Amino acid sequence: MAKKVVATLKVAGKGKEYSKVITMNKSPKTGAYSFKEQIVPNDFVKDAIAGKTL
């Protein structure tokens, strides 16, 4: 699936303006980990890692 996402972002040479951010969250009840994937512009990568939404 990652290849499909990367291929769709390469539109007119602008594919390098976006990054895929994967954050890991731990459930307080069960202790299990879950992962959240986002595709964000490079300017907002730090915000996405901090947990702020666009």
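It should be noted that the structure appears before, not after, this text.
Residues numbered from 1 in each chain as written. Predicted model: local features only at pLDDT ≥ 70, side-chain atom pairs only at ≥ 80, totals over all residues. Heavy atoms only, no water.

Draft legend 1. Spatial organisation of the pairing of strand β1 (residues 18-26). Two elements, β1 and strand β2 (residues 33-41), share nine bridges in a ladder whose sense is antiparallel. Paired with Asn25 across the two strands is Ser34, which belongs to β2. Counting the residues in the hairpin turn of β1 and β2 gives six residues, including Gly31, whose phi is positive at 80 degrees. (Pairing = 2+ DSSP bridges. Helix = DSSP H or I, 4+ residues; strand = E, 2+ residues; numbered from the N terminus.)

Draft legend 2. Main features of the environment of Glu17. Looking at the element boundaries, Glu17 is found in the loop between α1 (2-9) and β1. When the C-alpha atoms of Glu17 and Asp43 are compared, they prove to be 8.5 Å apart, with 26 residues separating the residues in sequence.

Draft legend 3. The arrangement of the environment of Phe35 in detail. Along the chain, Phe35 turns up in strand β2. Its relative accessible area of 59% is what places Phe35 among the exposed residues. Separated by 10 residues in sequence, Phe35 and Asn25 place their C-alpha atoms 6.3 Å apart. (Buried < 20%, exposed > 50% of the residue type's maximum accessible area, 1.4 Å probe, protein only.)

Draft legend 4. Examining the side chain of Thr23 more closely. On the secondary structure map, Thr23 appears in strand β1. Residue class for Thr23 comes out buried when judged on its relative accessible area of 17%.

Draft legend 5. Broad picture of a nonpolar patch on the surface. A contiguous nonpolar patch, built from Ile22, Met24, Tyr33 and Phe35 and spanning about 480 Å² of accessible area, is present on the exposed surface. Elements with a contribution of two residues or more to the nonpolar patch: β1 and β2. (Patch = residues over 30% accessible without salt bridge, like charges linked within 9 Å, V, L, I, M, F, W, Y side chains within 5 Å. Areas by Shrake-Rupley, 256 points an atom, 1.4 Å probe, with all protein chains shown as cover. Salt bridge = Lys/Arg side-chain N within 4 Å of Asp/Glu carboxyl O.)

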